[in-house]
Each structure stands twice: as C-alpha cells, then as structure tokens.
Amino acid sequence: MAKTYDYLFKLLLIGDSGVGKTCLLFRFSEDAFNTTFISTIGIDFKIRTIELDGKKIKLQIWDTAGQERFRTITTAYYRGAMGIMLVYDITNEKSFDNIKNWIRNIEEHASSDVERMILGNKCDMNEKRQVSKEKGEKLAIDYGIKFLETSAKSSINVEEAFFTLARDIMTKLNRKMNDNSSSGAGSQSLRNNTTKLLLRAPLNVDCDTQNTKWILLTKPIDLSGSSFSDMEAMKWRHKCKNEGRSFSQKPEQVLSMRLTS
C-alpha cells in the first residue's frame, strides 16, 4: 500500500499531571474538548496529517502521564521523539517551576537535537493566573526554546503550536539533507586530493588511521619531499592500536583501508 504522507514526525507532550496535555492533543487531533478530567495512564497517542510547504506530514503525537509513578515508562518514549512540547498550567505555579525538571529529563533521555517548545496552557483562565506570560517567555529565552500560551478549551494557539513545532523539525531536516548532499558531492573531490597527497608522502611514517584523512583535508599541503613529522598539521597522538594496526603503516595501505571503510 502506497504511503499517504511524505514525512512522519514523532512528537511528545510532557508536563505535570493536570496541566491539559490530553486536552491539547484532543483539540488538535479531533478539534474537541472534554471538560471531564481523566488522568492519562502510562501513555497514549493520536495521529493527524498536516501539509507544510506542499508536503504531507504525518504527526504521531504521544501524550504522556505526568505522575511520577509512570516516569520510567514515559521516559522510554523520549528517545525517538523529534519534537517535544513542555506544558504547564498558568493557574498552577508549581507546574511551571517543574518545567526545569522536565527539561532535565529531555537532556537525559532525548536526542540532543530534538526540537522543543514550552506551552503555558489554560490561558483562558486569566482570573486564576499564577504565572505571568512574561515569566514564561523569560524561561523560554533562558533555554533557547520557543514559547506560546495556549488554551485547549478556547482553541487558542493550539494549531499554531503544533504547526510551528512541525515546521521547525522540517527546517532542521531539510538543512541536514542539504548538508549531506553538499558534503557528499565534495567528499569525492576531497578523497581525490587526499589520494595524491598520501601517495607522494614517505612510505614509512607514524600514522593515526582515525585522523589521517581529516588532518590532510583540513590542511592540504604539498607533502612531496617532506616528512610527516616535520609538518605541524601532522602532529597527532598515535591511536593505531585501537584498530590493531602498526604505527609504521604505509600511507597507501592506510588510504585503501580508509576509503573502503
């Protein structure tokens, strides 16, 4: 069966119990709101497909339980997440204070390049507000994270939050693809240059098979008639033992092993 989408993004909603994570998920996925509070047990997910820049993006959104007793289960889902929303309740200052703990969980369990966003939920309940918008914005700035105040009940900024996070993931993905494409095109030329340099070098030299190619590429000097030990760019520690190779490995052999590995 043919895929009905171009990309699949896994998103995660985390935060204290009762901040409205499930309500945000239902508002976005089904445009519905339930006034009855039912605590999430373990983890649940919904799917919604959106369109960004002409591409169909399937969002797989995981809703995690906020209670401590489910923490071992929920942190296991951090690893594959491409985007994480940290949610607090603007009428509950403790839930806001705990955002720092949730960020620490992300740093411990999620990918280092995961996209993050802080959401101050229940902004429709301004008369019960305990956390100012400015306070939320400052926290987000301190961590270099985007911030929005939302209301699942009044459908305020819910669409914008999910679309913004998805767009940030898409931008990062496109940047990686472009970087890989350009590096792939340039790597063959670099390898050719390395071949010429190594083959003109002395035959018996001390070699670091891990770094030889990189050092040569960063400083492509003419090695003809010179010794590696005389070159500033060739000063490195011997790590050949890690690969079980002799320190007197011939450059041609090193080259062959590096370019075919």
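Residues numbered from 1 in each chain as written. Predicted model: local features only at pLDDT ≥ 70, side-chain atom pairs only at ≥ 80, totals over all residues. Heavy atoms only, no water.

### Here's the deal with the pairing of strand 4 (residues 83–89)
Note the cut-off: Burial status follows relative accessibility: with a 1.4 Å probe on protein chains alone, a residue under 20% of its type maximum counts as buried, one over 50% as exposed, and anything between as partly exposed. Strands are runs of DSSP state E lasting at least 2 residues, helices are runs of H or I lasting at least 4, and numbering of each runs from the N terminus. Should DSSP find at least two bridges between two strands, the strands are regarded as paired.
Of all 7 residues that make up strand 4, 7 are buried, and the element is covered over most of its length. Of the two faces of strand 4, the one carrying G83, M85, V87 and D89 and the one carrying I84, L86 and Y88 are both buried. As defined by bridge partners, strand 1 (residues 7–14) adjoins strand 4 across 4 bridges and the pair is classed as parallel. Looking at the pairing, I14 lines up with L86 of strand 4. Judged from the 7 bridges that link them, strand 4 and strand 5 (residues 115–121) form a sheet pairing that is parallel. Within strand 5, the residue paired with G83 across the bridge is E115.

### Topic: the pattern of salt bridges
Note the threshold: Within this document, salt bridges are pairs made up of a side-chain nitrogen of Lys or Arg and a carboxyl oxygen of Asp or Glu, the two lying within 4 Å of each other.
In the structure shown here, the tally under the stated rule is 11 salt bridges. The shortest N-O distance in the salt bridge between D113 and K176 comes to 2.4 Å. Of this pair, D113 sits in the loop between helix 4 (99–109) and strand 5 while K176 sits in helix 6 (residues 158–199); the two residues are 63 residues apart in sequence, bridging distant segments of the chain. Look at K176 and you get partly exposed, because its relative accessible area is 41%. The salt bridge partner of K146 is D168, with a shortest N-O separation of 3.0 Å. Pair noted here: K146 is in strand 6 (residues 146–149) and D168 is in helix 6, with a separation of 22 residues, a long-range link.

### Description of the side chain of K21
Defined as follows: Under this rule, positive means Lys or Arg and negative means Asp or Glu; His and the chain ends count for nothing. The definition of a polar contact used here is a pair of N or O atoms within 3.5 Å, where within protein one atom must be able to donate a hydrogen and the other to accept one, and adjacent residues in sequence count solely through side-chain atom pairs.
With respect to the helices and strands, K21 occurs in helix 1 (residues 21–30). One buried charge, K21, has no salt-bridge partner; the nearest side chain with opposite charge is D63, at 5.2 Å. Among the polar contacts listed, one links the side chain of K21 to the backbone oxygen of G15, at a separation of 3.1 Å.

### What to know about the pairing of strand 6
As a reminder of what qualifies: Looking down the strands as they point away from you, a crossover is right-handed if its path from the first strand over the helix to the second goes clockwise.
Judged from the 4 bridges that link them, strand 5 and strand 6 form a sheet pairing that is parallel. Residue pairing across strands places L119 opposite L148, the latter belonging to strand 6. For the crossover that starts at strand 5, traverses helix 5 (residues 133–143) and ends in the parallel strand 6, the hand is right-handed.

### Re unusual backbone geometry
Of note in the backbone geometry, D53 takes a positive phi value of approximately 50° without being a glycine. Tracing the chain through its elements places D53 in the loop between strand 2 (43–52) and strand 3 (55–64). Among the residues examined, D53 registers a relative accessible area of 65% and is labelled exposed. Positive phi, normally seen in glycine, also occurs at N157, with a value near 60°.

### Thoughts on helix 5
Keep this limit in mind: The directions from the helix axis to the C-beta atoms form the arc being described. Contact between two residues is taken to exist if any of their heavy atoms lie within 4.5 Å; hydrogens are not considered.
Those residues of helix 5 not exposed but buried are G136, L139 and A140. Angularly, the buried residues of helix 5 cover 95° about the axis, an arc narrow enough to put them on a single face. Of the exposed residues in helix 5, the ones pointing more than 90 degrees away from its buried face are E134, K138, I141 and D142. Those residues of helix 5 that are buried are in contact with strand 4, helix 3 (93–97), helix 4, strand 5 and strand 6. Within two residues after helix 5, G144 carries a phi angle of roughly 65°, on the positive side.

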